[in-house]
There are 2 protein chains.
Amino acid sequence: MKAAFRDVKEVIRTRIVDGDWGPGELIPNEIDLAAEFQCARATVNRAVRELAEEGLVERKRKAGTRVRMSPVRRAQFEIPVVREEIEASGRMYRYALVRRDLCDTPDWLRARMGLGDRGQVLHLVCVHYADNNPYQYEDRWINLAALPNAADVDFSETSPNEWLVETVPFSDAEISFSATASDEVLASHLGCAVGNPLFLAERSTWWRGEPITYVRMVFQRGHRMTTRF
Amino acid sequence: MKAAFRDVKEVIRTRIVDGDWGPGELIPNEIDLAAEFQCARATVNRAVRELAEEGLVERKRKAGTRVRMSPVRRAQFEIPVVREEIEASGRMYRYALVRRDLCDTPDWLRARMGLGDRGQVLHLVCVHYADNNPYQYEDRWINLAALPNAADVDFSETSPNEWLVETVPFSDAEISFSATASDEVLASHLGCAVGNPLFLAERSTWWRGEPITYVRMVFQRGHRMTTRF
DNA sequence: GAAAATCATTTGCCTAGACATATTACCCGC
DNA sequence: GCGGGTAATATGTCTAGGCAAATGATTTTC
């Protein structure tokens, strides 16, 4: 007899999956469920609350709990550091710095990151290899106003990604995925043809409201991001 | 004065983000925190438990709670029904069925879905419009062995997506995202040029271990999938 | 010294009862 | 029939206390 709320949760989940309680239908209230399962209301509450967090049911005060019409399926992706992603798949990781510039913040970046005054940014371009095949092209901009010491770091060995993770551990971020076409630069670095469709991930990061970094990550042809739920 | 556990949670989160409690460090135990915040231990428990679920801290019995070295970054995407996605953005939704075939299960589909014996599948092609602009091209295959009555449904008005959601509401799924190039069919339906890079989502669905449906969803040029965390 | 048994600490979960809050349902006056 | 106020109800959260389980630390035994 351990973790009763888990059992309650699974019984309810089974009833929903099997269609005993169909979409849109109201399920019994917490007091009745507690009576049925012979437990405290708090136990039922936790079970049903977690099901609601998973998107299986919808709860409203007074109105009760009902099975969702269209289950809000939330797909969860872990966003690992590239090196870990490659090494986890058993391939050898290699990193190369392609370019390093110090420049004034371009306007498009100021707009995107919400940078008010002009200042300097560190622009880094690097490529991540898996088993010596190009895997990801990384185009990164670091706000030097927020991280002045980034200018002194030697990024020829440490990838900016890993340096940032150690330096600014807990930040807010916005990530977005889309498709883009390979241009000549990408084609030469990734070893594909110009015009090939490529998977693109962009990420902006803030720390305490201050813009830290923006990165464009373009993956090798055929890259897929997969998850089960 | 509502939701004390939320306040506790935010105070602790702030201390971690600000570096008062650095990566790898042990934070006070629940009893001490409860004393500090003048609340019951259960309240602190919920606060810290949720922080652990978010990946900010790591908990172990007897060992206590410590701040994670590298926070597990989980991006969460909601996978809504197309119509809801479009209507939520304030645009008008329209749906069109392009093609409907009954055919023997092609080999590639049998391999992908883990379908053992050969049987028939229903192949549907449709397009979803937002404000009369093509938004998503949907290429769907439904396993008739699992859903024989799908053959009798009129999909000219109801989109297969919505019919399936009502009929087989809660299933296991695998979803994957990638980039693809527009071919002539896609170009004509989506109104883009041949060769344009397009964002592709593929989804396989099972119900109680039985393959139900596989769908390829190709989005209009420039589509982005975004999330904050 | 190494392995095994015991102890202590911390999180995990449960109960029973209480009050708060949102929201529906109903009743009433018009 | 309709608008507005009021009561009823289901969920949301808190408290105080208690037992369970995992596991790091310590001590005992061989």
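The structure this text deals with has already been given above.
### Observations concerning the protein's contact with DNA strand D
Logical step 1: Surveying the vicinity of DNA strand D reveals 23 residues, the closest of which are A:R59, B:A4, B:F5, B:R6 and B:T43.
Logical step 2: Those atoms of DNA strand D that come within 4 Å of the protein belong to sugar or phosphate at a rate of 70%.
Logical step 3: Note that a base oxygen of DNA strand D is positioned 2.7 Å from one of the side-chain N or O atoms of A:R41.
Logical step 4: Side-chain polar atom of A:R61 to a sugar or linking oxygen of DNA strand D: 2.8 Å apart, as the coordinates give it.
Logical step 5: Breaking the surface near DNA strand D down by element, the ones donating at least two residues are helix 3 (41–53), strand 2 (57–60) and strand 3 (64–67) of chain A together with helix 1 (4–17) and helix 3 (41–53) of chain B.
Logical step 6: Per-element accounting of the surface near DNA strand D gives the leading share, four residues, to helix 3 of chain B.
Logical step 7: Classifying every residue of the surface near DNA strand D by side-chain character gives six nonpolar, five polar and 12 charged.

### Focus on the sheet that holds strand 3 of chain A
Residues and elements named next belong to chain A.
Logical step 1: In space, the three strands of this open sheet follow the order 1-3-2, with antiparallel pairing throughout. With partners counted over all chains shown, the strands left at the sheet margins are strand 1 (26–27) and strand 2, one partner each.
Logical step 2: Pairing between strand 2 and strand 3: four bridges, direction antiparallel. Note on strand 3: the bridge partner recorded for R59 is T65.
Logical step 3: With respect to the sheet, helix 3 is in contact with strand 2 and strand 3, its orientation differing from that of strand 2 by roughly 115°.

### Remarks on the sheet that holds strand 9 (residues 197–207) of chain A
Logical step 1: In space, the seven strands of this open sheet follow the order 5(A)-6(A)-7(A)-10(A)-9(A)-8(A)-11(B), with antiparallel pairing throughout. Either end of the sheet is taken by a strand with one partner, and the two such strands are strand 5 (93–104) of chain A together with strand 11 (225–228) of chain B. On average, each strand axis in the sheet is tilted by 15° relative to the strand beside it, whichever way the strands run.
Logical step 2: In terms of strand pairing, strand 6 (residues 120–130) of chain A meets strand 7 (residues 133–143) of chain A through 10 bridges, oriented antiparallel. Bridge pairing links A:Y129 to A:P134 in strand 7 of chain A.
Logical step 3: Sheet contacts for helix 6 (residues 160–167) of chain A: strand 5, strand 6, strand 7 and strand 10 (210–219) of chain A; angle to strand 7 of chain A, the most-contacted strand, approximately 50°.

### A few points about the packing of aromatic side chains
Logical step 1: As enumerated under the stated definition, the model contains 13 aromatic pairs over all chains in all.
Logical step 2: Between A:F199 and A:F219, the ring centres sit 6.1 Å apart and the planes meet at 55°, which makes this aromatic pair tilted. Placement of A:F199 in strand 9 and of A:F219 in strand 10 is noted, with a sequence separation of 20 residues between them. Take A:F199 and A:F219: they sit in the same class, and that class is buried.
Logical step 3: Taking the centre distance of 5.7 Å and the plane angle of 20° together, the rings of B:F177 and B:F199 count as stacked. Residue B:F177 is found in strand 8 (residues 172–181), and its partner B:F199 is found in strand 9 (residues 197–207); the two are separated by 22 residues along the sequence.
Logical step 4: Its relative accessible area of 2% is what places B:F199 among the buried residues.
Logical step 5: Here A:R46 stacks its cationic end above the ring of A:F5, 4.0 Å away from the centre of that ring.
Logical step 6: Just above the ring of B:Y129 sits the side chain of B:R94; from NZ or CZ to the centre is 4.3 Å.

### Describing the pairing of strand 4 (residues 73–78) of chain A
Logical step 1: Here strand 4 of chain A shows a clear split, with A:R73, A:A75 and A:F77 buried on one side and none of A:R74, A:Q76 and A:E78 buried on the other.
Logical step 2: With six bridges connecting them, strand 4 of chain A and strand 4 (residues 74–79) of chain B associate as antiparallel partners. By the bridge assignment, A:E78 is partnered in strand 4 of chain B with B:R74.

### Let's talk about the protein's contact with DNA strand C
Logical step 1: Close to DNA strand C lie 23 residues; A:A4, A:R6, A:T43, B:R41 and B:R59 are nearest.
Logical step 2: For DNA strand C, the backbone makes up 74% of the atoms found within 4 Å of the protein, where backbone means sugar plus phosphate.
Logical step 3: Between A:T43 and DNA strand C, the recorded distance is 2.5 Å, taken from a side-chain N or O atom to a phosphate oxygen.
Logical step 4: In the environment of DNA strand C, a base oxygen lies 3.3 Å from a nitrogen or oxygen atom belonging to the side chain of A:R61.
Logical step 5: Of all the secondary-structure elements, those providing two or more residues to the surface near DNA strand C are helix 1 (4–17) and helix 3 of chain A together with helix 3, strand 2 (57–60) and strand 3 (64–67) of chain B.
Logical step 6: A total of four residues in the surface near DNA strand C trace back to one element, the largest contributor, which is helix 3 of chain A.
Logical step 7: Considered class by class, the residues forming the surface near DNA strand C number six nonpolar, five polar and 12 charged.

Rules behind the numbers
- Residues numbered from 1 in each chain as written.
- Chains lettered and ligands numbered in written order.
- Predicted model: local features only at pLDDT ≥ 70, side-chain atom pairs only at ≥ 80, totals over all residues.
- Heavy atoms only, no water.
- Near = heavy atom within 4 Å.
- Polar contact = N/O pair within 3.5 Å; in protein donor to acceptor, adjacent residues only side chain to side chain.
- Helix = DSSP H or I, 4+ residues; strand = E, 2+ residues; numbered from the N terminus.
- Nonpolar A, V, L, I, M, F, W, Y, C, P; charged D, E, K, R; others polar.
- Pairing = 2+ DSSP bridges.
- Contact = heavy atoms within 4.5 Å.
- Axes fitted to C-alpha atoms, helices over the stretch in contact; angles between N-to-C directions.
- Phe/Tyr/Trp six-rings, centres within 6.5 Å; stacked < 30°, edge-to-face > 60°.
- Buried < 20%, exposed > 50% of the residue type's maximum accessible area, 1.4 Å probe, protein only.
- Lys NZ or Arg CZ within 6 Å of the ring centre and 35° of its normal.

Any functional reading would require information beyond the geometric quantities listed.
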